[in-house]
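# Structure at a glance
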Amino acid sequence: MVSRVIPVDPFDLVIFGGTGDLARRKILPGLYRRFSSGQMPETAQIIAAARSEMDDAGYRQMISDAIDEFGGDMDKSQVSAFLAKLSYVCVDAKGTSGWNDLVSKMRDGVVRAFYFSVAPSLFGDLAERLHSHGIASADSRIVVEKPFGRDLATAKELNGVLAKHFNEDQIYRIDHYLGKETVQNLMAVRFGNMLFEPLWNAQYIDHIQITVAETVGVGGRGSYYDKSGAMRDMVQNHLMQLLCLIAMEPPAKFDPDAVRDEKLKVIRALDPVQPHHIVRGQYSGSDDQQGYRDHVESPRSRTESYVAMKTHISNWRWAGTPFYLRTGKRLRARTSEIAVVFKETPHSIFGPEAGSHRNALVIRLQPDEGITMDVTIKEPGPGGMRLIDVPLDMTFAEALGPDVEDVPDAYERLIMDVIRGNQTLFMRGDEVEAAWAWTDPIINGWEARNDVPKPYDSGSAGPDDALMLMHRDGRKWREVR
Ligand code: BG6
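Every residue gets a number counted from 1 within its own chain, in the order that chain's sequence is written. Only residues with pLDDT of at least 70 are given local features in this predicted model, and only at 80 or more are side-chain atom pairs given and counted; all residues enter the totals for whole chains, interfaces and linings. Here the side-chain values reflect all heavy atoms present in the structure, with hydrogen atoms and water set aside.

## A short note on the overall build of the protein chain
Scanning the protein chain from N- to C-terminus turns up 15 helices and 15 strands. Between the two quantities, the radius of gyration covers C-alpha atoms and the globule rule is 2.2 Å times the number of residues to the power 0.38. Here the C-alpha atoms of the protein chain give a radius of gyration of 24 Å, agreeing with the 23 Å that 2.2 N^0.38 yields for 481 residues. In terms of overall dimensions, the protein chain has C-alpha extents of about 80 × 55 × 45 Å along its principal axes. Burial classes follow relative accessibility: with a 1.4 Å probe on protein chains only, a residue under 20% of its type's maximum area counts as buried, one over 50% as exposed, and anything between as partly exposed. Looking at the protein chain as a whole, 52% of its 481 residues qualify as buried. Counting from the N terminus, the helices are the DSSP runs of H or I reaching at least four residues and the strands are the DSSP runs of E reaching at least two.

Listed below in structure tokens is the structure:
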């Protein structure tokens, strides 16, 4: 029941950093899947650009191996047809070599997109050279990845560097969470159903909890992660985007600026987080498992691999409804979900012995994407009116059948949106800056206080203090499982 695949317009896609980890793991295998699904036109051209000396054959071999490893099911004849679309140029982002080769490959009359899958320190050089070689035209697009800065000042600097040569409507800032099928479903559930919207406010909703729990540790990414931490790596972008989608006002239409204007208003209405409303954690090691500090250079690192916090949105819809956010690595289970927990009924006709019950709408982003609604019913059997909560469970894979497995993953969808020229699922410059403006005081506060994260066991639900954050308010986190 998946909708028909509509091919995108012919394009030249240049991937700077085409030999890097992201290109091999996500971008190229994703493009291959879009090719094999019929979404890529016959005339599409993908040009990888990087510093290493390599020829087309060497690059195709590299990507054939990557598709083998990360591409999922594949059809060998399709793979070779896809590889034929790839070529490679050796380009020096900071120098002059290779740029004329790139110029000679670009065609007129097709969409041009440039993916900057490189360190942000190279964004300015690339933008400058694309411009000076006349490669980028007024309708060319550039794609940039997170981290988009490490604070407000650096994000502004990057926005400034890109703005020298590109208009905002040419810049596609990726937050891959926005490309996830279920994240878009959040908008469908909210704005495609009459059922929820009248209840979607502080009058009926007790609180909202957003959890992004991972089982992986920082592994080989220690040197990047230790300078970043969960706040910069996950909260400032992915969790903030989820919060925006769940809390924003209905946009007038599903178009890029209408949606992004509403998200921006949410970020700007966020209250500063009080220090006692935030808990940082760091996973510790055990006899048979390495801890966070074994994965990074500094044995005394104070970087957090876990954050839990309570925040409020100061506007008419949400005043009084707390939002609890948490994310962490090396937790008990990999699970991402948003739980909208409703208030209790104003009066229980069943008396105090029926206990307290709250409906909860839970949107599971991954794994087992779906929606559950906890509904209170009578416990079956004799013995009077005892109430229990049971979930009405809609797992999309069951409800929609096996086709649901074929939906594009986040990167595939987002790259196709770049070619289509649709920025709805990309972050605008002012959104990113507003998110940093909210995050900076939290991080600066930790630094000023020399805050040390609480240790937590690998495989647990995070530090105990995070449980207390909710308990103090008479609430509790949903289980991480
Ligand atoms: C990335 C973070 O943006 O998102 C990683 O840098 C994190 O640290 C990842 O593991 C999580 O993405 P997903 O799609 O696996 O939930």
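## Some thoughts on the nonpolar core
Nonpolar cores are built from buried Ala, Val, Leu, Ile, Met, Phe, Trp, Tyr and Cys residues. Side-chain atoms within 4.5 Å join them into one set. Counting residues in each nonpolar core, the largest one holds 137 residues, and the members touching the most others are Phe16, Leu28, Leu31, Phe82, Phe116 and Ile246. Ranked by the residues each element gives to this core, the list is headed by helix α9 (residues 229–247), at 12 residues. Contacts are assigned to residue pairs that have any heavy atoms within 4.5 Å of one another. Excluding residues within four positions of it along the chain, Phe16 makes contact with Ala49, Trp99, Leu102, Phe114, Tyr115, Phe116, Ser117, Val118, Leu126 and Leu130.

## Comments concerning the packing of helix α10 (residues 256–269) against helix α14 (residues 429–449)
Their axes nearest at 9 Å, the elements α10 and α14 cross at an angle of 15°. What the angle tells us is that α10 and α14 run roughly parallel. In this structure, the crossing between α10 and α14 has a hand that is left-handed. Two secondary-structure elements touch here, α10 through Arg260, Lys263, Leu264, Ile267 and Arg268 and α14 through Asp430, Glu431, Ala434 and Ala435. Charged residues are taken to be Asp, Glu, Lys and Arg, nonpolar residues to be Ala, Val, Leu, Ile, Met, Phe, Trp, Tyr, Cys and Pro, and polar residues to be all remaining types, Gly included. Taken together, the residues that form the contact of α10 with α14 break down as 4 nonpolar, no polar and 5 charged. Here the axes come from fitting lines to C-alpha atoms, over the contacting stretch only for helices, and the angles between their N-to-C directions go from 0 to 180 degrees. Each angle gets one of four labels, with under 35 degrees taken as roughly parallel, over 145 as roughly antiparallel, 65 to 115 as roughly perpendicular, and the rest as oblique. Here a crossing is taken to be left-handed if its near helix is turned anticlockwise relative to the far helix by less than a right angle, and right-handed if that turn runs clockwise.

## A short note on the packing of aromatic side chains
Note on aromatic contacts: the rings of Phe and Tyr and the six-membered ring of Trp form a pair at centre separations within 6.5 Å, being stacked when their planes are under 30 degrees apart, edge-to-face when over 60 apart, and tilted otherwise. For the structure on display, the rule yields 15 aromatic pairs. With a centroid separation of 5.8 Å and an interplanar angle of 50°, the aromatic rings of Phe35 and Phe82 are classed as tilted. Of this pair, Phe35 sits in helix α1 (residues 21–36) while Phe82 sits in helix α3 (residues 76–83), placing them 47 residues apart in sequence. The exposure class assigned to Phe35 is buried, which follows from its relative accessible area of 11%. With a centroid separation of 6.4 Å and 70° between ring planes, the pair formed by Tyr283 and Tyr456 is classed as edge-to-face. With Tyr283 in strand β8 (residues 278–284) and Tyr456 in strand β15 (residues 454–457), this residue pair connects regions lying 173 residues apart in the sequence. Each member of the pair, Tyr283 together with Tyr456, is buried. What links up through ring pairs into an aromatic cluster is the set Tyr224, Tyr225, Tyr283, Tyr292, Tyr306 and Tyr456.

## Comments concerning α10
The span expected for a helix works out to 1.5 Å for each residue beyond the first. Taking 1.5 Å as the rise per residue, α10 with 14 residues should run 20 Å; its terminal C-alpha atoms sit 20 Å apart, in good agreement. Those residues of α10 not exposed but buried are Ala258, Val259, Arg260, Glu262, Lys263, Leu264, Val266, Ile267 and Ala269. Summarising the contacts, the buried residues of α10 are in contact with α9 and α14.

## Re the sheet that holds strand β3 (residues 86–90)
Strand order in the open sheet made by the 6 strands is β3-β2-β1-β4-β5-β6, with parallel pairing throughout. In the strand order of this sheet, the two ends are held by β3 and β6 (171–173), each with one partner. Recorded for the sheet is a direction-independent mean angle of 20° between the axes of neighbouring strands. Strands pair, by our definition, only if DSSP identifies at least two bridges between them. Inspection of the sheet shows strand β2 (residues 45–50) paired to β3 by 5 bridges, in the parallel sense. The residue of β3 that forms the bridge with Ala50 is Cys90. The strands that α1 touches are β1 (11–16), β2, β3 and β4 (111–116); relative to β1, the one it contacts most, it runs at about 170°. Sheet strands in contact with helix α2 (residues 56–70) are β2 and β3, and its direction is about 120° off that of β3.

## Observations regarding a nonpolar patch on the surface
A patch consists of residues whose relative accessible area exceeds 30% and which take part in no salt bridge; residues with like charges are grouped when within 9 Å of each other, and nonpolar side chains (Val, Leu, Ile, Met, Phe, Trp, Tyr) when within 5 Å. Accessible surface is estimated by sampling points in the Shrake-Rupley manner with a 1.4 Å probe; for residues, cover comes only from the protein chains shown. By definition, a salt bridge exists where a carboxyl oxygen of Asp or Glu is found within 4 Å of a side-chain nitrogen of Lys or Arg. Together, Ile349, Phe350 and Met385 make up a nonpolar patch on the protein surface, roughly 300 Å² of accessible area in all. Residue position: Phe350 is located in the loop between β11 (335–342) and β12 (360–366). Here Phe350 falls in the partly exposed class, since its relative accessible area comes to 32%.

## Quick word on the side chain of Ser458
Tracing the chain through its elements places Ser458 in the loop between β15 and α15 (464–471). Think of a polar contact as two N or O atoms within 3.5 Å of one another; within protein, one of them needs to be a possible hydrogen donor and the other a possible acceptor, and neighboring residues in sequence only count if both atoms come from side chains. There is a polar contact of 3.4 Å between the side chain of Ser458 and the backbone oxygen of Ser284. The contact partners of Ser458, leaving out residues within four places of it in the chain, are Tyr283, Ser284, Gln289 and Arg330.

## What to know about the site of the ligand
Neighbouring the ligand are Lys146, His176, Tyr177, Lys180, Glu214, Arg221, Asp233, Met234, His238, Lys329, Arg334 and Gln366. Contacts to the ligand include His176, whose side-chain N or O atom sits 2.8 Å from an oxygen atom. A distance of 2.6 Å separates an oxygen atom of the ligand from a polar atom in the side chain of Asp233. Burial of the ligand by the surrounding chains reaches 80%, relative to a free accessible area of 400 Å². For the shell around the ligand, a count of residues per class yields 2 nonpolar, 3 polar and 7 charged. By convention in this text, a residue qualifies as near a molecule or strand provided that one of its non-hydrogen atoms is within 4 Å of it.

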